[in-house]
Amino acid sequence: MTVHFIGAGPGAADLLTVRAVSLIASSPVCVYAGSYIGADVLAHCPPEATLIDSQRLDLDQITEHLVMAHRNGHDVARLCSGDPSIYSALAEQARRLDRAGVPWDVTPGVPAYAAAAARLGRELTVPEVTQTVILTRTQADSTAMPKTESLTRLAESRATLVLHLAIRHVRRLAGELTSAYGPDCPVVVVSRASQPDELVLRGTLADIADQVELAGLRQAAVILVGAALAAEGFVESHLYGVRTR
């Protein structure tokens, strides 16, 4: 049987893809992170499905559940918040499944940064303002960042920067980014994008840390930094017609 790694999106059940809903509905076992996946998403599971909350399990324990389900002849819906292509531990889990001889596949989902941009009504690439989006995270008591991917180095491009798994360190990060982007650079923090308790904080590198700390945000938030978040009067691209200035 197959383990289906499924992008469960940023939270709202109606942002699941049609394929995701079909796989969830046909899988007798569902493994999910209870801190990110809500009841409305789990409602797509079959009534008799075995639900396993992975938020307090390590990789060995998660793998054990996946392998056992396979041996019992059950497909597994392994739900990942956002999209499995970033910060989902897909690589580690898939490697373990390969060693155990368990087949798996991947279904993409709406990533949190895309849901955040949609909430803002903003394109993260704007003609002659920025054409690059950098998705990254920070390192504290977690997996080390490669030396070539230091935040100060990435910030030198002044591209639109999207920080995941970083909300607890926003004050330090704002300080590090100020030298490249300037204190007045627009910053938006979106917590639990697309969910009923969604929160949007708008500010600059100079004041965003105060807002985050006042709101008490500790997880499930993305930080977006860059001029594209407030760009006005920009030129039109070549994509749809005559270029104007």
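Above this text you will find the structure in question.
These figures come from a predicted structure and were not determined experimentally.

(A) Main features of the overall build of the chain. Within the chain one finds 8 helices and 10 strands. Against the 2.2 N^0.38 benchmark of 18 Å for 245 residues, the chain shows a C-alpha radius of gyration of 20 Å, consistent with a compact globule. Along the first, second and third principal axes, the C-alpha atoms of the chain reach 60 × 45 × 35 Å. Once local pairs closer than 6 in sequence are excluded, the contacts in the chain between residues at least 24 apart make up 68%. When the accessible area of the chain is evaluated, it comes to approximately 12700 Å², of which 52% is carbon and sulfur surface. The chain carries 21 positive and 26 negative side-chain charges, and their two centres are separated by 5 Å.

(B) Fine view of the environment of Ala12. By the element assignment, Ala12 lies in the loop between β1 (3-7) and α1 (18-26). Measuring from C-alpha to C-alpha, the distance between Ala12 and Ile62 comes to 24 Å, with 50 residues separating the pair along the chain. With sequence-adjacent residues up to four places away left out, Ala12 is seen in contact with Ser194 and Gln195.

(C) Seen up close, the side chain of Thr136. By secondary structure assignment, the location of Thr136 is in strand β6 (residues 133-137). In this view, Thr136 contacts Tyr87, Met145, Leu151, Leu154, Leu161, Val162, Leu163 and His164; residues no more than four positions away in its chain are not counted.

(D) Looking closely at the state of the cysteines. For the structure shown, the criterion picks out 0 disulfides. With no disulfide of its own, Cys45 lies closest to Cys30 among cysteine sulfurs, the gap being 3.8 Å. Unpaired in this structure, Cys80 has its nearest cysteine sulfur neighbour in Cys30, at a distance of 10 Å. Taking the relative accessible area as the measure of exposure, Cys80 reaches 5% and is therefore buried.

(E) Region of interest: a nonpolar patch on the surface. Together, Tyr36, Tyr87 and Leu165 line one region of the surface with nonpolar side chains, adding up to about 290 Å² of accessible area. Note that Tyr36 resides in the loop between β2 (29-32) and α2 (39-42).

(F) Spotlight on the sheet that holds strand β5 (residues 104-107). With parallel pairing, the 5 strands of this open sheet are ordered in space as β3-β2-β4-β1-β5. The open sheet is flanked by β3 (50-53) and β5, the only strands paired with a single partner. Pairwise comparison of adjacent strand axes, ignoring direction, gives a mean angle of 20 degrees for this sheet. With 3 bridges connecting them, β2 and strand β4 (residues 76-80) associate as parallel partners. When the sheet's bridge partners are listed, Cys30 is paired in β4 with Ala77. Running over the sheet, α1 touches β1, β4 and β5 and is turned about 140 degrees from β1.

(G) Structural view of the pairing of β4. Among the 5 residues in β4, 5 count as buried, and that is most of the element. Burial along β4 is two-sided: Val76, Arg78 and Cys80 facing one way and Ala77 and Leu79 facing the other are all buried. For β1 and β4, the ladder comprises 5 bridges, and the chain directions are parallel. When the bridges of β4 are listed, His4 appears paired with Ala77.

(H) Region of the structure containing the nonpolar core. Of all hydrophobic cores here, the largest spans 26 residues; its most connected members are Leu177, Val189, Ile223 and Val225. Only α6 (151-155), β7 (160-164), α7 (170-181), β8 (186-191), α8 (208-215) and β10 (221-225) provide two or more residues apiece to this core. Tallying contributions element by element places α7 first for this core, with 5 residues. Residues Ile6, Ala8, Ala20 and Ile37 belong to the second largest nonpolar core, which totals 16 residues.

Calculation notes
- All residue numbers refer to position in the chain's written sequence, counted from 1.
- Since the coordinates come from a predicted model, pLDDT governs what is reported: local features require at least 70, and pairs of side-chain atoms require 80 or more to be given and counted, while whole-chain, interface and lining totals use all residues.
- Calculation of side-chain values draws on the structure's entire complement of heavy atoms; hydrogens and water are dropped beforehand.
- Under the scheme used here, helices are H or I runs from DSSP no shorter than 4 residues and strands are E runs no shorter than 2 residues, and both carry numbers assigned from the N terminus.
- In this treatment the radius of gyration is a C-alpha quantity, and the globule benchmark scales as 2.2 Å times the residue count to the 0.38 power.
- Pairs of residues are marked as contacts when any of their non-hydrogen atoms sit within 4.5 Å.
- Every accessible area reported is derived by Shrake-Rupley at a probe size of 1.4 Å, with residue values counting cover from the shown protein chains alone.
- The convention is simple: Lys and Arg are positive, Asp and Glu are negative, and His and the chain ends are not counted.
- Every charge is mapped to an atom, namely NZ of Lys, CZ of Arg, CG of Asp or CD of Glu.
- The rule for a disulfide is simple: a pair of cysteine sulfur atoms within 2.5 Å.
- Under the scheme applied here, a residue whose accessible area is under 20% of the maximum for its type counts as buried, over 50% as exposed, and between as partly exposed, the area being computed with a 1.4 Å probe on protein chains only.
- Two distance rules govern patches: like charges are joined within 9 Å, and nonpolar side chains (Val, Leu, Ile, Met, Phe, Trp, Tyr) within 5 Å, applied only to residues with over 30% relative accessible area and no salt bridge.
- By convention in these notes, a salt bridge is any Lys or Arg side-chain nitrogen within 4 Å of a carboxyl oxygen on Asp or Glu.
- Any two strands with at least two DSSP-identified bridges between them are counted as paired.
- Every axis in this analysis is a line fitted to C-alpha atoms, fitted for helices over the stretch in contact. Angles between the N-to-C directions lie between 0 and 180 degrees.
- Think of a nonpolar core as a cluster: buried Ala, Val, Leu, Ile, Met, Phe, Trp, Tyr and Cys residues, connected wherever their side-chain atoms sit within 4.5 Å.

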